[in-house]
Amino acid sequence: MGDKEAEQKAEPGKLTADQIAVAQKWIAEKGPDWRCPVCERHQWILADHSVRLQVQGHALGGLGYPVLPIICGVCGNTFLFNMVVMGLEPSLDEQQKGGANA
Ligand SMILES: [Zn+2]
């Protein structure tokens, strides 16, 4: 069925294979021995989807900061990393100029 293909391509917020590769490399470089501050283990899981931190006073789906949740696979402690800094998303300026997604 074509529906399943379209879903995989178009699911909003789902990380692409390229983004996953960049994120994994980024984590390995920035925190090769990064341990969870709660359980002190080193077992991180990338979320399947990115998340947007909504800016106060803006409509849902409007201006926001894209962040990637990285989850401790042992205790569930979750970190949010800015995807612009990670090189995974355009900056807020670029979002506002483009703004095509809304
Ligand atoms: Zn943990």
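Residues numbered from 1 in each chain as written. Predicted model: local features only at pLDDT ≥ 70, side-chain atom pairs only at ≥ 80, totals over all residues.

Student: What am I meant to see in the confidence of the model for the protein chain here?
Tutor: For any part of a model where pLDDT is low, the fine detail of the predicted coordinates should not be relied upon. Here the protein chain averages 86 in pLDDT, while 82% of its residues score no lower than 70. Summarising per-element confidence for the protein chain, the mean pLDDT is lowest in helix α1 (residues 2–10) (55) and highest in strand β4 (residues 78–82) (97). (pLDDT = per-residue confidence, 0-100. Helix = DSSP H or I, 4+ residues; strand = E, 2+ residues; numbered from the N terminus.)

Student: Would you explain the environment of Leu 80 in this entry?
Tutor: With respect to the element layout, Leu 80 can be found in strand β4. The sequence separation of Leu 80 and Leu 68 amounts to twelve residues, and the corresponding C-alpha distance is 5.4 Å. With sequence-adjacent residues up to four places away left out, Leu 80 is seen in contact with Val 51, Val 67 and Pro 69. (Contact = placed C-beta atoms within 7 Å.)

Student: Is there a simple way to think about helix α2 (residues 17–30) in this case?
Tutor: Every α-helical turn comprises 3.6 residues, leaving residues that sit three or four positions apart pointing alike. Here α2 is 14 residues long and its end C-alpha atoms lie 20 Å apart, about the 20 Å a rise of 1.5 Å per residue gives. Counting buried residues in α2 gives one out of 14 residues, a small share hidden from the surface. (Expected span 1.5 Å × (residues − 1). Buried ≥ 20, exposed ≤ 12 C-beta atoms within 10 Å, placed from the backbone.)

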